[in-house]
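# Geometric and topological summary
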Amino acid sequence: MLQLIRRARTAPAVATAAFAVLGLAWALSTPPGAAPDEPSHYVRMVGLARGELVGARVDPSTPTPGALPNIEAVERMNREAGRYDVPRLLTPPKPCNAFRPDLPFNCPWAPIDAPSGEDISYHARYLPGAYVVPAALSRVGSTMWQALSAGRIGFLLQATALFAVVAAAVSQRCRLRGRLSTGSAVVLATGATPLVLFTAGTLAPNGTEVLALAAVTASAMRLALGWSTRWMWCLALCSLVASWSRDLGAPSVALALVAVALVEPSIVAVARERRQGVRLPLALMAIGAVSAVVWQLVNKVSVLHRPGSFADLSTGLSDVGEAVLASVGLVGWLDVRIHRALEVAWVVVAALAAGATLTRVSSRVQRVVAGVAALTALTGVVLSIGLRAVGFGLQARFLLPLLAIGLVVLVMAPQRDAPWSPGVVRGALVLVAVGHLAMLLQAAHRHANGIGQHVDFVTPVWSPPLGWGPSIGLMVLGAVRVMAVPLGGGQRAVGAGTTSSS
């Protein structure tokens, strides 16, 4: 029995290690600039590392990359852009094969004597919180690839820390409330999708936002079980990170707290009893959320757009459905997708597990989860209509923060006892491991040879700095660590807390 308990308690550590290894595999095997908007995020990061917060203003009529539908779209991008002084050795990457999955990464590197100049980031006036740690680490790099790699490690470190918070909160919930149902364990196993790991291992603030909101929700759910100064401050700090990470951060923090209060009313009583210990953390959370909203109002251009017809609403709903599927694995410049059979299997298993879990929670929890799901769909429709009007489309990573809230609430809410079926969970872990490995290898094939070309990691067109051998070794190691997450027994459970949804 003692050995079972010890193995169960290691589950959060094993799950966090698997997350870190898979994220590192993405960081090392993805060419520079081969993630969505990564060149723009890179310029923002390097500029911030050199003390430039938002850069110099960009003329609204400055030509932008890509074919935008109208002058309004060009002006919108330029109003949120900034010019930064980037040293010649840190010239940003230019992915010549973006949106061409049939082509390998064969982009010319900037010459060593390239002149220093001003580079534009189209994210200059986005919230800067997610860039701070990566920017600090990027200062150790003397070349573009070194600075970008250090920045990716910074994003991965903060994502892994937030993941660990969720894993610890779920594990403590298991010890205090009893085991998880089989459905909850499978939902957790399928929650950290390849897309989430991809955003954690590249220059993508979305990953920080998703994981921070999952950590906020998990911390609040843990606090509802009993007072803890450590968890109160964890909630406050994660809320601050979430609020200052991306556009939906601050309002999503409020949504998470309301959802937890509805599911676990005891958290309000806990806060009242510990009034002195709550005031300062709550003040920090309020200041963080309000200041983030003010920043948005001052610096960002609204994407709200009135729907022109019923067709707009119908298209928006269709986009939301596609975004749910794409949240499993649509990476790169939105041009590399996980194998369709794996995608369908992943979604079906996750949906069945979520349905099974919903049957074991109270009607109040069901209503809260349904409300979060409805709000996610509504947000997706609004974003789809607004983004289409200026030449962009809805992406899965935009909705992941809201989905993460619903997932964590569902998994950590009180449940009726359920038969413990380790074999079902172990099967789900195998599916997750295979999915992550397949997605990583698919992306590697795209960069090394081009999709549709013969797979050749021995004489590829492009190789990561350490070569494909160590990179593929990391991919396999990460998949093995996923399958090795220990299953507990009795009053212990799977502690593999995850942070997103599929």
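Residues numbered from 1 in each chain as written. Predicted model: local features only at pLDDT ≥ 70, side-chain atom pairs only at ≥ 80, totals over all residues. Heavy atoms only, no water.

### Structural notes on the overall build of the protein
- When its secondary structure is counted, the protein shows 19 helices and 4 strands.
- For 502 residues, the compact-globule formula gives about 23 Å, and the C-alpha radius of gyration of the protein, at 22 Å, lands near that figure.
- Summarising its shape, the C-alpha atoms of the protein cover approximately 65 × 50 × 50 Å along the three principal directions.
- Expressed as a percentage of the 502 residues in the protein, the buried residues total 57%.
- Considering only contacts within the protein whose residues lie at least 6 apart along the sequence, 84% involve residues at least 24 apart.
- For the protein, the distance from the average site of its 40 positive side-chain charges to the average site of its 23 negative ones is 15 Å. (Helix = DSSP H or I, 4+ residues; strand = E, 2+ residues; numbered from the N terminus. Rg over C-alpha atoms; globule rule 2.2 N^0.38 Å. Buried < 20%, exposed > 50% of the residue type's maximum accessible area, 1.4 Å probe, protein only. Contact = heavy atoms within 4.5 Å. Lys, Arg positive; Asp, Glu negative; His and termini not counted. Charge placed at Lys NZ, Arg CZ, Asp CG, Glu CD.)

### A short note on the environment of P95
- Position of P95 relative to the elements: it lies in the loop between β1 (82–86) and β2 (117–121).
- The spatial distance from the C-alpha of P95 to the C-alpha of V344 is 30 Å, given a sequence separation of 249 residues.
- Every residue in contact with P95, bar those within four places of it in the chain, is listed here: G33, P39, F105, C107 and W333.

### Looking at unusual backbone geometry
- The backbone phi angle of F99 is positive, close to 65°, even though this residue is not glycine.
- Secondary-structure assignment places F99 in the loop between β1 and β2.
- At L334, a position not held by glycine, the phi torsion is positive, near 55°.
- Looking at the element boundaries, L334 is found in the loop between β3 (330–331) and β4 (336–337).
- A relative accessible area of 36% means that L334 is categorised as partly exposed.

### What about helix α11 (residues 249–263)?
- With 15 residues, α11 should cover 21 Å at 1.5 Å per step; its first-to-last C-alpha distance of 21 Å lies within 8% of that length.
- Residues of α11 that are buried sit in contact with α9 (205–223), α10 (229–243), α12 (266–273), α13 (275–299), α16 (363–389) and α17 (396–412). (Expected span 1.5 Å × (residues − 1).)

### Here's the deal with the environment of V186
- Residue placement: V186 occurs in helix α7 (residues 182–191).
- Sequence separation between V186 and A353 is 167 residues, and the spatial gap between their C-alpha atoms is 5.9 Å.
- Not counting residues within four places of it along the chain, the set of residues in contact with V186 comprises V349, A353, V424, V425 and A428.

### Regarding the nonpolar core
- Judged by nonpolar contacts, the single largest core of 115 residues is most densely connected at F19, W26 and V409.
- Examining the composition of this core, we find that 13 residues originate from one element, α17, more than from any other.
- The contacts of F19, once residues within four sequence positions are left out, are L156, A159, T160, F163, L197, A200 and L211.
- In this structure, L48, A49, A124 and L203 belong to the second largest nonpolar core, which totals 19 residues. (Core = buried A, V, L, I, M, F, W, Y, C linked by side-chain atoms within 4.5 Å.)

### Section: the confidence of the model for the protein
- Per-residue confidence for the protein gives a mean pLDDT of 89, with 92% of residues at or over 70.
- Confidence drops under pLDDT 50 across residues 1–8; counting only partners more than four residues distant or on other chains, this segment forms 7 contacts.
- When the criterion is pLDDT under 50, residues 489–502 qualifies, and its contacts beyond four places in sequence or with other chains add up to 68 contacts. (pLDDT = per-residue confidence, 0-100.)

### Points about the pattern of salt bridges
- Applying the stated criterion across every chain yields a total of 9 salt bridges.
- Note that D37 and R397 form a salt bridge whose closest N and O atoms lie 3.5 Å from each other. Here D37, found in the loop between α2 (11–29) and α3 (38–49), pairs with R397, found in helix α17; they are 360 residues apart in sequence, far enough to count as distant.
- Taking relative accessible area as the criterion, R397 reaches 8% and is therefore assigned buried.
- Where salt bridges share partners, they join E322, R337, R340 and E343 into one cluster. (Salt bridge = Lys/Arg side-chain N within 4 Å of Asp/Glu carboxyl O.)

### Describing the packing of aromatic side chains
- What the rule picks out here adds up to 8 aromatic pairs.
- On the numbers, 5.3 Å between centres and 70° between planes, the contact of F99 with W333 is edge-to-face. In this pair, F99 is assigned in the loop between β1 and β2 and W333 in the loop between β3 and β4, connecting sequence segments 234 residues apart.
- One aromatic cluster is present, built from ring pairs that chain together F105, F457, W462 and W468.
- Note that R44 overlies the ring of Y131, its terminal NZ or CZ placed 4.9 Å from the centroid.
- Directly above the ring of Y126 sits K300, whose terminal nitrogen or CZ lies 3.8 Å from the centroid. (Phe/Tyr/Trp six-rings, centres within 6.5 Å; stacked < 30°, edge-to-face > 60°. Lys NZ or Arg CZ within 6 Å of the ring centre and 35° of its normal.)

### Observations regarding the side chain of N97
- Relative to the helices and strands, N97 is located in the loop between β1 and β2.
- N97 sits in the buried class, given a relative accessible area of 4%.
- Among residues more than four places away in sequence, those in contact with N97 are L103, P104, F105, C107, D335 and R446.

### Observations regarding the environment of A479
- Along the polypeptide, A479 turns up in helix α19 (residues 468–483).
- Separated by 84 residues in the primary sequence, A479 and Q395 have C-alpha atoms spaced 26 Å apart.
- Discounting residues that sit within four places of it in the chain, A479 has contacts with L22, A433 and L437.

### With respect to a nonpolar patch on the surface
- Together, V290, V293, V294, L297 and V298 give the surface a local cluster of nonpolar side chains, amounting to about 480 Å² of exposed area.
- Assignment of secondary structure puts L297 in helix α13. (Patch = residues over 30% accessible without salt bridge, like charges linked within 9 Å, V, L, I, M, F, W, Y side chains within 5 Å. Areas by Shrake-Rupley, 256 points an atom, 1.4 Å probe, with all protein chains shown as cover.)

### Some remarks on the state of the cysteines
- By the definition in use, this model includes 1 disulfide.
- The side chain of C96 participates in a disulfide bridge whose partner is C107; the two sulfur atoms lie 2.4 Å from each other. Every disulfide takes its handedness from the sign of the S-S torsion; for C96 and C107 that torsion is -95°, giving left-handed. Taken together, the residues span a long stretch of sequence, with C96 in the loop between β1 and β2 and C107 in the loop between β1 and β2 at a distance of 11 residues.
- Judged by its relative accessible area of 7%, C107 falls in the buried class.
- The cysteine C174 is free of any disulfide, with C234 supplying the nearest cysteine sulfur at 17 Å.
- Looking at C174, the relative accessible area reads 3%, which means it is buried.
- We note that C238 lacks a disulfide partner, and the nearest cysteine sulfur, in C234, lies 4.1 Å from it. (Disulfide = S-S within 2.5 Å.)

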